[in-house]
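Residues per chain are reported as follows:
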Amino acid sequence: MTLRQLEILRAIIRHRTTVAAANQLGLSQPAVSNAIKAMEAQSGFPLFERINNRLFPTREAQMLHDEAEAIFTMHTLLENKLRDLKESKAGHLRIVATPPIGYGVIPTALRQFLDQRPQVQVYFDVRRYEGVVDSVESNLVELGFAIGLEERPGLHCEAVFTGDMVCVVKPGHPLAGRTVVTPADLADHPFIALERGTRLGEAVRNSFRLAGQPFRHTVEVRYCNTACVLAESGVGAAVVDPFSPRYGAGGDLVVLPYEPVTRAVASVGWSKSRPLSRLAQAFLAEVRAGAARMERDYRERRGGPV
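Residues numbered from 1 in each chain as written. Predicted model: local features only at pLDDT ≥ 70, side-chain atom pairs only at ≥ 80, totals over all residues. Heavy atoms only, no water.

## What about the overall build of the protein chain?
- Tallying secondary structure elements over the protein chain gives 12 helices and 12 strands in all.
- In terms of C-alpha radius of gyration, the protein chain reaches 32 Å, well past the compact-globule figure of 19 Å for 306 residues.
- Across its three principal directions, the C-alpha atoms of the protein chain cover 100 × 40 × 30 Å.
- Looking at the 306 residues of the protein chain, the share that counts as buried comes to 43%.
- The distance from the centre of the 37 positive side-chain charges to the centre of the 33 negative ones in the protein chain is 3 Å. (Helix = DSSP H or I, 4+ residues; strand = E, 2+ residues; numbered from the N terminus. Rg over C-alpha atoms; globule rule 2.2 N^0.38 Å. Buried < 20%, exposed > 50% of the residue type's maximum accessible area, 1.4 Å probe, protein only. Lys, Arg positive; Asp, Glu negative; His and termini not counted. Charge placed at Lys NZ, Arg CZ, Asp CG, Glu CD.)

Right, dumping it as C-alpha cells:
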C-alpha cells in the first residue's frame, strides 16, 4: 500500500465521507471512491462499511490506520526538517576564530544567528592563527575567521572588515589626552608589545621602523586581548587591532588613533574542496551584516571613510 493510499484511508476514517476526504486531499470524489476499491482489491478484504451514507472503518482498516500513524508522524518530521534545512534553521555548524575575532565579532553574530534558529547546533572554538588555517583546510570546520588570513591553494578567503590598529591606555595615562599616538610618543612609556613573529606583532614593529623609532617593550604578549587587559591594569600602553579594546577587557580603556596607519583586516576562510552548506552561508551573511554595521560605526568615529 502506497503512502498516498494510506493518506486516503486516513482521510476517510477521519471524515467518514468520500466527499469530505476528497476536499481535504484536493481530489475528486470519484477518485477517492476508486482508491477505496483499489485498496480493498489489493488487500483482499473490505476496509469500510457504509451506514446511512457514511463510511465506517472495519477492524482491519482501523488497525492499518493505527499502524500508519507512525509513518505520518515520521513524514511530518521529515517535512519539517526539510523546511528547516531550506530556511537554514536546523543542522550543525562548526566554526573557529582567532581571539580578536572570536571574542569580539563572532559572539554577537552568533547570538543573532541562533535567536532565529533554536534547532541549530554550533561548535565554536578560539585558536591560534595556525590552528584556524589547519582546521579549515582539513575540513574539521566550515568557516575560520582571523586577522591577516591569506588566500592559499586550498583556502578561499574573503575580507569582512578592514580597520586600523589603535593605541589603548588606562584613563589617566599621560597619553590618554592625545588625539593621535605615534611610536615616538610611546618611547617614554612602558609598552606592551605583541609577540614577534605574529602578523600583528610584525605589523606594529614595521610601523616603528617606518617612523624611524627603535622598538622597545616592557612586556610581550601573544594576543591583543591580553594586551588590553594589561593596559587596563595600568601596565603600559599597547597597540592592538580595533576589535579587541571593545571586548578584551572590562571596558575601562581609552582608545586612540595610531599612526603611521597600520591596517588590520579581518577575513573569513573556507575550504575550496567543498561548497559551503546553507547554514554556513546564512551565518556568513550574519557576519557580513555585523561587519557592515561595524564599518559604519568605525567611519563615524574616524570622521570619514575608512
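Picking up after the structure, the text goes on.
## Some thoughts on the pattern of salt bridges
- If you walk through the whole model with that rule in mind, you get 13 salt bridges.
- We note a salt bridge from Arg152 to Glu137, for which the minimum N-O separation is 2.7 Å. With Arg152 in the loop between strand S5 (143-147) and strand S6 (155-164) and Glu137 in helix H7 (residues 129-137), the pair connects residues that are 15 residues apart, well separated along the chain.
- Residue class for Glu137 comes out partly exposed when judged on its relative accessible area of 31%.
- Among the salt bridges present, the one from Glu158 reaches Arg288, with a minimum N-O distance of 2.7 Å. Within this pair, whereas Glu158 is found in strand S6, its partner Arg288 is found in helix H12 (residues 278-302), the two being separated by 130 residues in sequence. (Salt bridge = Lys/Arg side-chain N within 4 Å of Asp/Glu carboxyl O.)

## Some details on helix H2 (residues 18-25)
- Three or more residues of H2 are buried, namely Thr18, Ala21, Ala22 and Leu25. An end-on view of H2 places all buried positions within 100 degrees of arc, on one side of the element.
- Residues of H2 that are buried in the fold lie against helix H1 (3-15), helix H3 (29-43) and strand S2 (54-57). (Arc of directions from axis to C-beta. Contact = heavy atoms within 4.5 Å.)

## A word on the environment of Glu232
- As for its placement among the helices and strands, Glu232 is situated in helix H10 (residues 224-232).
- Judged by its relative accessible area of 18%, Glu232 is buried.
- Between the C-alpha atom of Glu232 and that of Tyr123, which follows or precedes it by 109 residues, the distance is 31 Å.

## Quick notes on the nonpolar core
- Counting 56 residues, the largest nonpolar core has Ile101, Leu143, Phe145, Leu186 and Phe283 as its most contacted members.
- With residues near it in sequence (within four places) discarded, Phe283 still touches Leu93, Ile95, Ile106, Ala109, Leu110, Phe113, Leu143 and Phe145.
- Within the second largest apolar cluster, 19 residues are counted, among which are Ile13, Ala22, Ile36 and Met39. (Core = buried A, V, L, I, M, F, W, Y, C linked by side-chain atoms within 4.5 Å.)

## Observations regarding empty space enclosed by the protein
- Under the counting rule described, the total for this entry stands at one cavity of 30 Å³ or more.
- Roughly 30 Å³ of internal volume is contained in the largest cavity.
- Every residue along the wall of the largest cavity is listed here: Asn139, Val141, Glu142, Trp270, Ser271, Arg274 and Leu276.
- Residues that form the lining of the largest cavity fall into these classes: three nonpolar, two polar and two charged. (1 Å grid on protein atoms, 1.4 Å probe; cavity = no way out; pocket = protein on both sides within 12 Å on 5 of 7 lines; lining within 4 Å. Points joined across faces, edges and corners; volume = space filled by probe spheres on them. Nonpolar A, V, L, I, M, F, W, Y, C, P; charged D, E, K, R; others polar.)

## So, the sheet that holds strand S10 (residues 237-240)
- Read across the open sheet, the five strands follow the order S9-S8-S10-S7-S11; overall the sheet is mixed. Each edge of the open sheet carries a strand with a single partner, namely strand S9 (219-221) and strand S11 (254-257). Between one strand axis and the next, the sheet turns through 30 degrees on average, direction left out of account.
- Both strand S7 (residues 166-169) and S10 contribute to a ladder of three bridges, which runs antiparallel. Each bridged residue has a counterpart across the sheet, and for Val166 the counterpart in S10 is Val240.
- Running at roughly 125 degrees to strand S8 (residues 191-194), helix H9 (residues 199-210) makes contact with S8, S9 and S10 of the sheet.
- Sheet strands in contact with H10 are S7, S8, S9 and S10, and its direction is about 170 degrees off that of S8. (Pairing = 2+ DSSP bridges. Axes fitted to C-alpha atoms, helices over the stretch in contact; angles between N-to-C directions.)

## Regarding the confidence of the model for the protein chain
- Per-residue confidence for the protein chain gives a mean pLDDT of 86; residues scoring 70 or more make up 91%.
- Ranking the elements of the protein chain by mean pLDDT puts helix H4 (residues 59-86) last with 75 and S9 first with 97. (pLDDT = per-residue confidence, 0-100.)

## Observations concerning the environment of Pro183
- Along the chain, Pro183 turns up in helix H8 (residues 183-186).
- What makes Pro183 buried here is its relative accessible area of 2%.
- Along the backbone, Pro183 and Gly290 are 107 residues apart, and their C-alpha atoms lie at a distance of 32 Å.
- Once residues lying within four places of it in the same chain are set aside, the contact partners of Pro183 are Ser207, Phe208, Ala211, Gln213, Tyr258, Glu259 and Pro260.

## Thoughts on the pairing of S10
- Every second residue of S10 is oriented toward a common face, with Ala237 and Val239 on one face and Ala238 and Val240 on the other, all of them buried.
- Where S8 lies against S10, two bridges are found, and the strand directions are parallel. By the bridge assignment, Ile192 is partnered in S10 with Ala238.

## Brief notes about the packing of aromatic side chains
- Considering all chains together, one arrives at six aromatic pairs under this definition.
- Seen from their ring centres, Phe113 and Phe283 are 5.3 Å apart, and the 80 degrees between their planes marks the pair as edge-to-face. A residue pair is termed long-range when its members are at least 10 positions apart, and Phe113 in helix H6 (residues 105-115) and Phe283 in helix H12 qualify at 170 residues.
- Assessed through its relative accessible area of 0%, Phe113 is described here as buried.
- With a relative accessible area of 0%, Phe283 lands in the buried category. (Phe/Tyr/Trp six-rings, centres within 6.5 Å; stacked < 30°, edge-to-face > 60°.)

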